[in-house]
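# Examining the three-dimensional arrangement
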Amino acid sequence: MPIFQILGGGNRSSRASTYPGNRTTSSSAAPSTAAAADQHNGSSRSTYPGMRAAAPMGPLGAQPPSAAPPRAPTAMPTAAGPPRHTNNQSSNMGSTSSSTSSSATSTTQPAPPSSNPASAAPPSAASAPSTATSTSRGPESTRPGAFAVTRTATGPAQVYRVTVPAGVSPGSEFTVHAGPRRVRVRCPNTSRPGQSLQITLPPEPVTHHTPLKMAPLTAAAGSGGGGAVQMSLEVRNVNKAASDSGGTAQTFLVTIPPNIYPGMQFTVDVSGQRFVVTCPPNAGPDMKVRIVPPTQREEPMAAPKTQVFEVAVPPGVGPNEPFALVANGQRVLVTCPPNVASGQKIRFQLPIQELLGHIQLSYESATGGWCRTIRVTDMRFQWVRVNNNSNSSTSTNKLKEHDDEGDNPASAEEAAADGTRASALDVDAMDKFDFKRSAYVRKLTYLEGNDARMRTGTIELVPAKDAVVDSKLVVHNRTLVSYADIAAVQGKSLEEKTQWFHNICNQLTGAWEDGHIKIAVRRKYLLLDSVDAIMSLGRDDLRKRWRFEFLGEPGIDSGGVTREWFQLVTEQIMDPAFGLWKSSVNNQACVTINPSSGISCPDDHLVYFRFLGRVLGRALFDRQIVKGHMARHVFKHLLGWPITFEDLAAQDEDYYQSLKKLAQMGDVSAMCLDFTVTEENMGAHSEVELIEGGAMKEVTTENLVEYLEANLRYQMLARCKHQMTELLLGFFDIAPEPALTVFDSNELELILCGLPTIEMDDWEANSIYSGCFETKGRQHQVVQWFWETVRDDFDQEMKARLLQFVTGTSGVPSRGFAYLQGNDGNIKKFAVHGMEVGVYPRAHTCFNRIDLPIYHSKKDLQEKLRASITLSAVGFDME
C-alpha cells in the first residue's frame, strides 16, 4: 500500500471532454484564433485601466484540460480553468520544471505530449503541445514566455579520424574540426605531422527549452474572482485533513520513471525525504502525478547538550502565564507551569551551543516596547511587550545551572561570577485593546492550491503576543539558519546583514548546470509577457537561475538586462495610473494598495499582486533594485512586524487624528456613529461594515475601544485583504522568512529600493526652520550641530534612515528637495523645528518636520538623534 495518496493521471479523452474551453479540432479553433488576434491588438486596453488584454504572439502551448472529479488513488484535477483572456494559459502539470528529482536509478524528464494525459491537449490551429521541447535555436526563441532550459547528453560517443597538421610536435595541442564541433587534440608522443589519428568525443550536449504555461490562482474560500478560481473539493479535503491533524498541507509533482506502470512501485525524493509510491491507474512512464505526503508536525529543535536554569516566578504571574527572562545575555520567554504560584522556583532548559548572543530582534525604548524573543517551548520567535520599569528587586533572580548529565547545580555565587543571571521582566498580557500600546501582526496560513505550483492561503491580524515565526531554516534536512545565527547577525550593520542574507540566498539558488529559467519578453508588451512568464513558474523554478531576453534585441543578459527588467516592470505595475496601487494620503512619494483594484482590473488584479510579490522576493535574491516606495505598514506586513495606531497615522494623519479625538471625548454617543465606514470608489459611495451587523450597532462609550480596534483592523488589512494575501504568498514563494527576521521595515525598504542619492547642499538649501530656530535659522548652534552631524558623521545609510524618519520614506523627489511634498500633495519642505522641552527628537511625517530639543552639546545631539532614527523602525514614542 503506498505511503502517499496519489493524485493525478486520468486519460486524455475524459479530460478533454470536461474542459469548458478545450478545442478538439483544428477547424473549430480557427475562428477563435481570429478573434484572439483581434483582441490581442492592444487597443482593448482602453476598456479599463489595467486590463490584461492579450498581446499578439506566435504559436504557444495548448491550454490543458481539466480533470473530472477523481476518487483516490485516481486522478484529481491539477488546475482549474484559466482566469484570464484568450492568451492566458492555465495550469499545465507536464510543462513545469519544478518536479522533484527521482531516485538515483532514474532520471526525471519532461513528459512527452503523446504520453501525458495530465498535461497534453489536442493541438489546435493556433497552438502546439505545451510540453514540446526543442534546442536553443528552436522556434520558441522568437516568442515570449518562460522556458525551462536543460542540457542533456544522450546517444553514443562519436568517433572521428583527424590528421595531425604540419608543424605540430609530439605532446603539443592542435585544433581540428570534428563534424560541427571544434575541439583541441593533444598529439601523441608516437605521432608525427601528416599521420591520421582516431579521436572519440562524448555525445554533444543538447539544450532543451520546455515552454512553461501559467498556473491559475486558487481562492482560499468562496468562488474566487480577480484571477483566482474556486478551490476544488479534493484540494479542500487535503487542506482540511492537514488542518485537523495540526499540520500544513503540502503536495508535490513527481515524474513516473521509465518502465513503471499502474500498480508498480517506485521511489521519490521530495523535500529531502525518500518515499515509496505506487503508480496510480491511468498513469505511466514519464507522466507527472501529484502526491500528498503525510502531514508532519514540526518538532522542536533538538540540542545535543542543554543547560538547566532555575528561576523564581515573578510576582503577579499566574499558572500558564508567560514571563520574560534575560538569561546569559539572551532574552527568552517562559510559561509558568500549572499549579505553580508566583515566588516559587521553576526550571527550564536551553541548548548550550545556542547561548551565543542577545536574542532581541527589535528595538525598544527605555519605557518598554514590543520585541521579539525566543520561546523556550519550541525555540520559535514570539512578540512580547516588556515593561522595563518593573521592580528589579522582586523580579531579579540568581540562577542555578546543570548540564544534561545531571551534575550538581552551580552555586548562586558561581553563577553570578560567570555572568549567568536571569532578570525576570514583566510581560504585558495585553488582554484588552489599548489605543496607545496594542499591536497586531499578520498571520499567514498556507494552503494547497488546485495547481501544485501555486499554493494559496489566508491572512488575518492577530494580537502581536500571539504571533510566532520560525527561528530556523531547514532545506533538504540541512539547517541553513538557526536562531543562534540570527542572534549573531541581527545587531550588525545593514551592509553586514545584507551580505549574510545574500549568502543564504546563494545557498538556496539552484546551480546553473541543474537547469535555468529563460524569460523572454517583448518590450511593447513587457508587463503582460512578464506576468505570463513568472506566473508559470513553480516554487523550485523561482529559485533557479534566471536569464532575461528582450525579443528582437541583440542584448545578452550579463546583468544589465535583468536590472532593466526589474526596474521597468515594477515601475509599470506600481504606477498609480495603472489602478493597482495609489499614492499614500500622507506621502505622495509612497504608494499603498488600492482597495478598488478590482474595479481597475476586474478580471485578474489578484494575479498582478501575486506576480509583484514574486518579483519583490526575487529582487531580494538577485540584489536588484525596484521602482516604487511602498507605505510603511506594507513592509511591516512583509516582515510580520507589529502594526500599531502609529502606522495608521503614517498612512492617513487626518483619519488617525479623528479617531484620537474620539478616544479623548467623554461621551461619543452624541456623534451618532455606527460600526461602518464610507468608501468612495470612482465617485460612488458605499457603506462597509467594520463588524458583522455593524450598521445596526451604535458607538457608545462602553464599546468605543471595540470601535477603535475595528477601524485599525479594517484600515491596516481588511480593506485590501485579498490583495495583501497574494502579495505575501508571492513574496514567500521565494524569500525565506526566518532569514528576514534580522531586518526591520526601514531596512527592507533600503534593500529593495536602494540607498538614495542625497545631495547635502540641496537638502540644506531647501530646508526651513521654525519654533526656537525660526529667528536664527541656519545660524542657531543646535541647527549647525545637526547639519554637521548629518553631513560629516552619517554615512549614506544613516542619511537615508533620517529621511525615512522625517518623511516616511527614503525616496528623494526626482527634482530635488525643493519639490518635497506633504500629505496634501502640496510642497512641504524639510523643516527643522526647535523645542525647549524634550529629550529625543520627534518626527511628523505628514509635515516633513523634525522636532529638535535645545541640546547643550553636539555629542548629546548625536546620541539622541541616532537613537531616535534607529527606534523609528517600530514607531516607539520616546519620552
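Sequence positions are assigned chain by chain, starting from 1 and proceeding in written order. In view of the model being predicted, local features appear only for residues whose pLDDT reaches at least 70, and side-chain atom pairs are presented and counted only at 80 or more, with totals across whole chains, interfaces and linings using the full set of residues. Note that the side-chain values use all heavy atoms of the structure and ignore hydrogens as well as water.

Looking at an unreviewed UniProt entry, the protein carries the name HECT-type E3 ubiquitin transferase, with the source organism given as Seminavis robusta. UniProt positions are given in the numbering used here, feature names are shortened, and annotations may be inferred rather than shown by experiment. The UniProt entry for the protein carries the following text under Catalytic activity (unreviewed entry): "S-ubiquitinyl-[E2 ubiquitin-conjugating enzyme]-L-cysteine + [acceptor protein]-L-lysine = [E2 ubiquitin-conjugating enzyme]-L-cysteine + N(6)-ubiquitinyl-[acceptor protein]-L-lysine." As stated in UniProt under Pathway (unreviewed entry), the record for the protein gives "Protein modification; protein ubiquitination."

With that settled, consider the overall build of the protein. By definition, any uninterrupted DSSP run of H or I lasting at least four residues is a helix, any uninterrupted run of E lasting at least two residues is a strand, and each is numbered from the N terminus. For the protein, the count of helices and strands is 23 helices and 41 strands. Burial here depends on accessible area, computed with a 1.4 Å probe over protein chains only, as a share of the maximum for the residue type. Under 20% is buried, over 50% is exposed, and the range in between is partly exposed. By the burial criterion, 54% of the 879 residues in the protein qualify as buried. By the convention used here, residues are in contact when the closest approach between their heavy atoms is within 4.5 Å. Long-range pairs, those at least 24 residues apart, make up 71% of the contacts in the protein between residues at least 6 apart in sequence. Under the convention used here, a 1.4 Å probe and the Shrake-Rupley method define accessible areas, while residue burial counts only the protein chains that appear. Accessible area of the protein: about 37300 Å², with a carbon and sulfur share of 50%.

As annotated by UniProt and renumbered to match this structure, "active site" (unreviewed entry) occupies C846. Relative to the helices and strands, C846 resides in the loop between β40 (842–844) and β41 (849–853). Judged by its relative accessible area of 3%, C846 is buried.

Here we come to the sheet that holds strand β4 (residues 145–152). When DSSP finds two or more bridges between two strands, those strands count as paired. As summarised here, the arrangement of the four strands in space is β9-β4-β31-β32, forming an open sheet in which the pairing is mixed. The strands lining the two open edges of the sheet, one partner per strand, are β9 (206–212) and β32 (545–550). Averaged over neighbouring strand pairs, the angle between their axes works out to 30° when direction is ignored. Across five bridges, β4 lies against strand β31 (residues 516–521) in antiparallel orientation. Bridging across to β31, G145 finds its partner in A520. Where helices are involved, their axes are fitted lines through C-alpha atoms of the stretch in contact, as for all axes, and angles between N-to-C directions lie from 0 to 180°. Strands β31 and β32 of the sheet are contacted by helix α10 (residues 560–573), whose axis makes an angle of about 80° with β32.

Spatially, β38-β39-β41-β40 is the arrangement adopted by the four strands of the open sheet, whose pairing is mixed. Strands with a single pairing partner mark the edges of an open sheet, and in this sheet they are β38 (767–771) and β40. Looking at each pair of strands side by side, their axes are set apart by 25° on average, direction ignored. Examined bridge by bridge, β38 and strand β39 (residues 830–835) share five bridges and lie parallel to one another. Note that in β39 the partner of S767 across the bridge is F830.

Attention now moves to the nonpolar core. Grouped together as the largest cluster of nonpolar side chains are 137 residues, with contacts concentrated most on W500, W565, W581, F611, M630, F645 and L740. Considering each element in turn, this core owes the most residues, 11 residues, to helix α12 (residues 605–622). Nine residue types can take part in a nonpolar core, namely buried Ala, Val, Leu, Ile, Met, Phe, Trp, Tyr and Cys, and a core is a set of them joined through side-chain atoms within 4.5 Å. Ranked by size, the runner-up nonpolar core spans 27 residues in total, among them V790, L803, V832 and I850.

All right, on to the pattern of salt bridges then. It is possible for side chains bearing opposite charge to pair when their charged atoms get close. Salt bridges are identified by distance alone: a Lys or Arg side-chain nitrogen within 4 Å of an Asp or Glu carboxyl oxygen. Taken as a whole and judged by the stated rule, the model has 33 salt bridges. Of the charged contacts, one joins E549 and K518 as a salt bridge, the two residues approaching to 3.3 Å between their closest N and O atoms. Here K518 lies in strand β31 and E549 lies in strand β32, a separation of 31 residues in the sequence. An identical accessibility class is assigned to E549 and K518; each is buried. The salt bridge involving D851 is made with R849; its shortest N-O contact spans 2.9 Å. What makes D851 buried here is its relative accessible area of 5%. Under the relative-accessibility criterion, R849 is labelled partly exposed at 22%. Connected through salt bridges with shared partners, the residues R455, R610, R614, E726 and D733 form a single ionic network.

This part takes up the environment of L748. Relative to the helices and strands, L748 is located in helix α19 (residues 745–753). A relative accessible area of 0% places L748 in the buried class. Expressed as a C-alpha distance, the spacing of L748 and L620, which sit 128 residues apart in the sequence, is 9.2 Å. Setting aside its immediate chain neighbours within four residues, L748 contacts L620, F635, L638 and L639.

Packing of helix α8 (residues 526–534) against α10 leaves a shortest axis separation of 10 Å and a crossing angle of 105°. Here α8 lies roughly perpendicular to α10, going by the angle between them. Across from L526, L527, S530 and I534 in α8, the residues of α10 making contact are W565, L568, V569, Q572 and I573. Throughout, the ten residues Ala, Val, Leu, Ile, Met, Phe, Trp, Tyr, Cys and Pro are labelled nonpolar, Asp, Glu, Lys and Arg are labelled charged, and all others, Gly among them, are labelled polar. Residue composition of the contact of α8 with α10, grouped by class: seven nonpolar, two polar and no charged. Note that the term roughly parallel is reserved for angles under 35 degrees, roughly antiparallel for angles over 145, roughly perpendicular for angles of 65 to 115, and oblique for everything else.

Moving on, we get to the packing of aromatic side chains. For any pair of aromatic rings, geometry is given as the distance between the ring centres together with the angle between the planes. Within 6.5 Å between ring centres, the rings of Phe, Tyr and Trp (the latter by its six-membered ring) count as paired, and their orientation is classed by plane angle as stacked under 30 degrees, edge-to-face over 60, tilted in between. One pass over the full model with this rule turns up 15 aromatic pairs. Judged by centre distance (5.9 Å) and plane angle (45°), the ring pair of W581 and F609 falls under tilted. Linking W581 in strand β33 (residues 581–583) with F609 in helix α12, this pair joins segments that are 28 residues apart in sequence. W581 sits in the buried class, given a relative accessible area of 1%. Take F609: its relative accessible area is 1%, and that puts it in the buried class. Here F675 and Y707 contribute two aromatic rings whose centre-to-centre distance is 5.4 Å and whose plane-to-plane angle is 85°, an arrangement assigned as edge-to-face. Residue F675 is located in the loop between α15 (653–664) and β36 (676–681), and its partner Y707 is located in helix α16 (residues 704–716); the two are separated by 32 residues in the primary sequence. The two residues F675 and Y707 agree in class, both being buried. Either the NZ atom of lysine or the CZ atom of arginine qualifies as a charge over a ring when it sits within 6 Å of the ring centre and within 35 degrees of the ring normal. One residue, K518, lies across the ring of F147, its end atom 5.8 Å from the ring centre.

With that settled, the discussion passes to the pairing of strand β16 (residues 288–292). Burial runs high along β16: five of the five residues are buried. Residues K288, R290 and V292 point to one face of β16 and V289 and I291 to the other, with burial holding for every one of them. Here strand β13 (residues 252–255) pairs with β16 via four bridges, running antiparallel. Each residue of the ladder has a partner; that of T255, found in β16, is K288.

The next point concerns α15. With 12 residues, α15 extends 17 Å between its outermost C-alpha atoms, agreeing within 8% with the 16 Å of an ideal straight helix rising 1.5 Å per residue. Residues E653, Y656, L659 and L662 constitute the buried set of α15. Against the buried residues of α15 lie α14 (645–651) and α16. A 3.5 Å cut-off defines polar contacts: any pair of N or O atoms within that distance qualifies, except that in protein one atom must be a possible hydrogen donor and the other a possible acceptor, and neighbouring residues in sequence count only when both atoms are side-chain atoms. The N-capping residue of α15, defined by a side-chain oxygen 3.3 Å from the backbone nitrogen of D654, is D652. How far a helix is expected to stretch is found by multiplying one less than its residue total by 1.5 Å.

It is worth spelling out the confidence of the model for the protein at this point. The pLDDT averaged across the protein works out to 75; a share of 72% of its residues lies at or above 70. pLDDT is defined as a per-residue confidence score from the predictor, taking values between 0 and 100. In this model, residues 1–51 is a region of pLDDT below 50 whose contacts with residues beyond four sequence positions or in other chains number 124 contacts. The model gives residues 298–304 a pLDDT under 50, and that stretch makes 11 contacts with residues more than four places away or in other chains.

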